Amino acid sequence: MPGHEHRFTFGLWTVGNPGRDPFGEPTRAPLDPVESVHKLAELGAWGISLHDNDLIPWGTSPAEAEKITARFEQALKEDGLGVGFATTDLFRHPAFKDGAFTSNDRGVRRAAIGKAMRSIDLGARLGAEVYVFWGGREGTEVGVAKDPRDALERYREAINVLSDYAVEQGYELRFAMEPKPNEPRGDMFLPTVGHALHFITTLDRPEMVGVNPEVAHETMAGLSIHHAVGQALWAGKLFHIDLNAQRVGRYDQDYRFAAEDLKEAFLLVRLLERAGYGGPLHFDAHSYRNENAEGVWDFARGCMATYRALAERVAHFDSLPEVNEALARSSTRELGEATCAGAAEADQLKSEVDSLDELAKRGYFNEALDQILVEVLLGVR
Ligand code: GLT
Ligand code: MN
Ligand code: MN
């Protein structure tokens, strides 16, 4: 059994994904969350993540909900599994069709905040370390129907109320906003990591809130997940991460980690490893629709095996003397040095403009550097 040096987690909805898509019915039977826990423990995962309704289906009576929760808690305990993140399903119920925290209907917004409060109670009880907010329905197809300034203000209000609530209850939860550009809404609020990072600065308790970037979501927007995670780390806001794979310009594919764009995955793993990111490595992905129940576990094993293999390739890459040399020729480390001592250097800086023609002559040896990376990835170096 693989060790726990990486804290791998899977959402109950990921391994439990029944293979439904907008054109077809499920291809796999529903999975009992307790069975997912046992199987993930056996495969060497560190923990799970969940929505309130992954565990407790909508409409369950309070007495039944208590039974389900106690049974699930017992399974986690037996298997020694942790809870990476908990979250609220604010997208499935038809009442959320116009949004949850940003629905035009004040009644829906109030119910959404209440549902998140109940779900935060559940997350805290299960020992979740992070509470995620993915605004699945927060957006529009009809721009004229919602002033984005009002919507963002309501989004902000909801997160402020919920962070007060968590603190007042004495919960040790940190919040993480998960951006996505579109799907299921035509355009979603907080579409990218950059948007979310700014939004956090407007909150009442900004220190309590970070981001949960997802590979597929930044890629859908045609952006680099490596850069998005880099900015989140630079801002001290990488509270969680959703790993999967995606091709640019497609629907939200949520493929097995690194099933697409191995180079970007390598860069992402290298960044996480170098930064010493110690949070959950959460696979928010699912098995291909043409797999049966058995294939789901091939999928889960694959996610973890690929992360480990990439971490090994990263360590190998950074141990190579030729990489060290190529990085020096590319002046990669020079980017880590301050550029000047400040405006006091103005005269000197102005005089250095005259060196531009000379500076233009150098190369940055990026071809050679990148080729080494490709050869390391291919296993020929
Ligand atoms: C949903 C979405 C994910 C979010 C989850 C949290 S659920 O499957 O596609 O990216 O992380 O609500
Ligand atoms: Mn996600
Ligand atoms: Mn996704």
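Residues numbered from 1 in each chain as written. Chains lettered and ligands numbered in written order. Predicted model: local features only at pLDDT ≥ 70, side-chain atom pairs only at ≥ 80, totals over all residues. Heavy atoms only, no water.

Trainee: Would you mind going over the overall build of the protein chain in detail, with residue names and values included?
Mentor: Along the backbone of the protein chain there are 15 helices and 10 strands. A compact globule built from 381 residues should have a C-alpha radius of gyration of about 21 Å, and the protein chain, at 23 Å, falls within 12% of that. Taken along its principal axes, the extent of the C-alpha atoms in the protein chain is 75 × 50 × 40 Å. Counted over contacts in the protein chain with a minimum sequence separation of 6, partners at least 24 positions apart contribute 79%. Of the roughly 19000 Å² of accessible surface on the protein chain, 52% is carried by carbon and sulfur atoms. Side chains of the protein chain give 41 positive and 60 negative charges; the mean places of these two sets differ by 3 Å. (Helix = DSSP H or I, 4+ residues; strand = E, 2+ residues; numbered from the N terminus. Rg over C-alpha atoms; globule rule 2.2 N^0.38 Å. Contact = heavy atoms within 4.5 Å. Areas by Shrake-Rupley, 256 points an atom, 1.4 Å probe, with all protein chains shown as cover. Lys, Arg positive; Asp, Glu negative; His and termini not counted. Charge placed at Lys NZ, Arg CZ, Asp CG, Glu CD.)

Trainee: Account for the coordination of the manganese ion (ligand 3), naming residues and giving values.
Mentor: Protein-derived coordination of the manganese ion (ligand 3) comes from E214 (OE), H217 (NE2), D252 (OD), D252 (OD) and D254 (OD), at a distance range of 2.0 to 2.6 Å. Sequence spacing of the donors to the manganese ion (ligand 3): E-x2-H-x34-D-x1-D. Between the manganese ion (ligand 3) and the manganese ion (ligand 2), the interatomic distance is 4.8 Å, and E214 donates to each metal, bridging them. Overall, the relative accessible area of 2% leaves H217 in the buried class. (Donors = N, O, S within 2.8 Å, 3.2 Å for Na, K, Ca; no water. Buried < 20%, exposed > 50% of the residue type's maximum accessible area, 1.4 Å probe, protein only.)

Trainee: So, the pairing of strand β4 (residues 130-134): which residues are in play, and what are the values?
Mentor: Across the five residues that make up β4, a large majority, four, are buried. As paired strands, strand β3 (residues 82-87) and β4 are joined by three bridges and run parallel to one another. Looking at the pairing, A86 lines up with Y131 of β4. One crossover worth recording links β3 to the parallel β4 by way of helix α5 (residues 106-125), and it is right-handed. Inspection of the sheet shows β4 paired to strand β6 (residues 174-178) by five bridges, in the parallel sense. (Pairing = 2+ DSSP bridges. Right-handed = clockwise from strand over helix to strand, strands pointing away.)

Trainee: So what's going on with the site of ligand 1? Which residues, and what values?
Mentor: Looking at ligand 1, the residues that line it are W13, H51, T87, F91, W134, E178, E214, H217, D242, D252 and D284. Between ligand 1 and W13, the relevant distance is 3.4 Å, taken from an oxygen atom to a side-chain nitrogen or oxygen of the residue. One of the side-chain nitrogen or oxygen atoms of H217 is found 3.4 Å away from an oxygen atom of ligand 1. Burial of ligand 1 by the protein amounts to 91% of the accessible area it has alone, namely 310 Å². For the shell around ligand 1, a count of residues per class yields three nonpolar, three polar and five charged. (Near = heavy atom within 4 Å. Polar contact = N/O pair within 3.5 Å; in protein donor to acceptor, adjacent residues only side chain to side chain. Nonpolar A, V, L, I, M, F, W, Y, C, P; charged D, E, K, R; others polar.)

Trainee: Outline the coordination of the manganese ion (ligand 2), listing residues and values.
Mentor: Donor atoms from the polypeptide that coordinate the manganese ion (ligand 2) comprise E178 (OE), E214 (OE), D242 (OD) and D284 (OD), at 2.0 to 2.1 Å from the metal. Coordination at the manganese ion (ligand 2) is octahedral, judged from the six donor atoms that bind it and the angles of 75 to 166° they form at the metal. (Tetrahedral: all angles 85-135°; square planar, octahedral: opposite > 155°, others 65-115°.)

Trainee: Break down unusual backbone geometry for me, with residues and values.
Mentor: At the junction of E183 and P184, the peptide bond is cis and its omega measures out at 10° in the coordinates. Even without being a glycine, E183 presents a positive backbone phi close to 75°. Among the structural elements, E183 can be located in the loop between β6 and β7 (187-188). A positive phi is found at L190, a non-glycine position, where the angle reads about 55°. Within the secondary structure, L190 sits in the loop between β7 and α7 (193-201).

Trainee: Give me the sheet that holds β6: which residues, what numbers.
Mentor: Taking strand neighbours across the sheet as the criterion, the eight strands line up as β8-β6-β4-β3-β2-β1-β10-β9 in an open arrangement whose pairing is parallel. Strands with a single pairing partner mark the edges of an open sheet, and in this sheet they are β8 (209-211) and β9 (241-243). Each adjacent strand pair in this sheet contributes to an overall mean axis angle of 30°, direction not counted. Where α7 meets the sheet, it contacts β6 and β8, and its direction lies at approximately 175° from that of β8. (Axes fitted to C-alpha atoms, helices over the stretch in contact; angles between N-to-C directions.)

Trainee: An account of the pattern of salt bridges is needed here, citing residue identities and associated values.
Mentor: Applying the stated criterion across every chain yields a total of 23 salt bridges. Here E153 ties to R156 by a salt bridge, and the two come within 3.1 Å at their closest N and O atoms. Of the two residues, E153 and R156 are both situated in helix α6 (residues 148-168); the distance of three residues between them amounts to about one turn of the helix. Look at E153 and you get partly exposed, because its relative accessible area is 34%. Using a relative accessible area of 23% as the deciding quantity, one classes R156 as partly exposed. For the salt bridge of E312 with R313, the shortest nitrogen-to-oxygen distance reads 3.1 Å. Looking at E312, the relative accessible area reads 43%, which means it is partly exposed. (Salt bridge = Lys/Arg side-chain N within 4 Å of Asp/Glu carboxyl O.)

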